[in-house]
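Next come the chains, spelled out residue by residue.
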Amino acid sequence: GSFTRNCVQGITADGDRCRDHVESSYALATVLVPVLGYSSVEKLIDSCRESGRSLRDEIVFQGLAGADEVDELLSPQRLCKQGFTSDEVKWGKKK
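Below you will find a few notes about this structure. Bear in mind that the values here come from a model prediction, so they are computed numbers and not experimental data.

Rules behind the numbers
Starting afresh in each chain, residues are numbered from 1 along the sequence in its written order. At least 70 in pLDDT is required for a residue's local features to be given in this predicted model, at least 80 for side-chain atom pairs to be given and counted, and no such filter applies to totals for whole chains, interfaces and linings, which use all residues. Note that the side-chain values use all heavy atoms of the structure and ignore hydrogens as well as water. A helix here means a DSSP run of H or I that spans at least four residues, while a strand means a run of E at least two residues long, and both kinds are numbered starting from the N terminus. Partly exposed describes any residue whose relative accessible area lies between the buried limit of under 20% and the exposed limit of over 50%, with all areas from a 1.4 Å probe on protein chains only and scaled to the type maximum. Each nonpolar core is a collection of buried residues, namely Ala, Val, Leu, Ile, Met, Phe, Trp, Tyr and Cys, held together in the definition by side-chain atoms within 4.5 Å. It only takes one pair of heavy atoms within 4.5 Å for two residues to be counted as in contact. Identification of polar contacts relies on pairs of N or O atoms within 3.5 Å, with a donor-acceptor requirement for protein atoms, meaning one able to donate a hydrogen and the other able to accept it, and with residues adjacent in sequence counted only if both atoms are side-chain atoms.

Topic: the overall build of the chain
Per the secondary structure count, the chain includes seven helices and zero strands. N-terminal to C-terminal, the α/β element order of the chain is α-α-α-α-α-α-α. Residue burial in the chain is summarised as follows: out of 95 residues, 27% are buried.

Overview of the nonpolar core
Grouped together as the largest cluster of nonpolar side chains are 15 residues, with contacts concentrated most on Leu32, Leu36, Val41, Leu44, Leu55, Ile59 and Leu74. It is helix H4 (residues 38–51) that contributes the most residues to this core, four residues altogether. For Leu55, the residues in contact, after removing those within four places along its chain, are Leu28, Ala29, Leu32, Leu44, Cys48 and Leu74.

Focus: the environment of Ser24
Among the structural elements, Ser24 can be located in the loop between helix H2 (15–23) and helix H3 (33–36). Separated by 31 residues in sequence, Ser24 and Leu55 have C-alpha atoms that sit 7.3 Å apart. Within polar-contact distance, the side chain of Ser24 engages the backbone oxygen of His21 at 3.2 Å.

See the structure below:
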């Protein structure tokens, strides 16, 4: 119809902008709760707000994990999967 032809056809996603929105969202932190615990994730987000760093950069900055591991754990695909198993994480809460 008219709406599709005039408004929808030709629309494409800006992949870089979408990625920036996802990476700057603290919603990604929810995937870390099973690994770090709620209070540690809350402190991590507070540190992000104070420093202006992204969640990814703050984790690397604090030495909690390397960049490659953080990228894998905080991927949007991982968030959609709803987390990870403890075997997939080499850092986090000490048992």
